[in-house]
Amino acid sequence: MVMFDKIIERIRSVKIDYSSLERISENIVFVENFAIVMGKETIIRQGVTANASKPVTRSFTNIWMRYKDSWRLTARQATIISVF
């Protein structure tokens, strides 16, 4: 099973679940039909998972692509900065 399938399975089985999510976009860059969004987010996980009930701060980069009349998330990367 590829990594993407494993992540989807964890979401469906409620092993990845957030009780809180706060996202702050610090910079947005537009290049042709792409938007690159960078910032920080704080999540609080719940359920059976690592760091459940602890605030986790991550830096993130989301890449959006303009498709017809809407934007679609094309790629995402997040790195944990701290766990309280």
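Computed from a predicted model, the values in this text were never measured in an experiment.

Okay, the overall build of the protein next. Of the regular secondary structure elements, the protein holds one helix and four strands. Starting at the N terminus and ending at the C terminus, the protein contains elements arranged as α-β-β-β-β. Principal-axis analysis of the C-alpha atoms gives the protein an extent of 40 × 30 × 20 Å. The buried share of the protein, reckoned over its 84 residues, is 13%.

Right, let's get into the pattern of salt bridges. This structure, assessed with the given rule, holds three salt bridges. With a closest N to O distance of 2.8 Å, Glu41 and Arg23 form a salt bridge. Placement of the pair is Glu41 in strand β2 (residues 34-46) and Arg23 in strand β1 (residues 17-31), with a sequence separation of 18 residues. Glu41 is paired through a salt bridge with Arg76; the nearest N and O atoms lie 2.4 Å apart.

Bringing unusual backbone geometry into the picture now. Its identity is not glycine, yet Glu32 carries a phi of approximately 50 degrees, on the positive side. Counting through the fold element by element, Glu32 comes out in the loop between β1 and β2. The exposed category is assigned to Glu32, whose relative accessible area is 79%. Within the chain, Ser53 stands out as a residue other than glycine whose phi angle is a positive 70 degrees. When you line up the elements, Ser53 lands in the loop between β2 and β3 (55-67).

Turning our eyes to something else, we now look at the pairing of β3. Relative to β3, β2 runs antiparallel, the two sharing 11 bridges. By the bridge assignment, Lys40 is partnered in β3 with Ser59. The loop that links β3 with its antiparallel partner strand β4 (residues 70-83) comprises two residues; one of these, Lys68, has a positive phi angle of about 55 degrees.

Procedures and definitions
Residues numbered from 1 in each chain as written. Predicted model: local features only at pLDDT ≥ 70, side-chain atom pairs only at ≥ 80, totals over all residues. Heavy atoms only, no water. Helix = DSSP H or I, 4+ residues; strand = E, 2+ residues; numbered from the N terminus. Buried < 20%, exposed > 50% of the residue type's maximum accessible area, 1.4 Å probe, protein only. Salt bridge = Lys/Arg side-chain N within 4 Å of Asp/Glu carboxyl O. Pairing = 2+ DSSP bridges.

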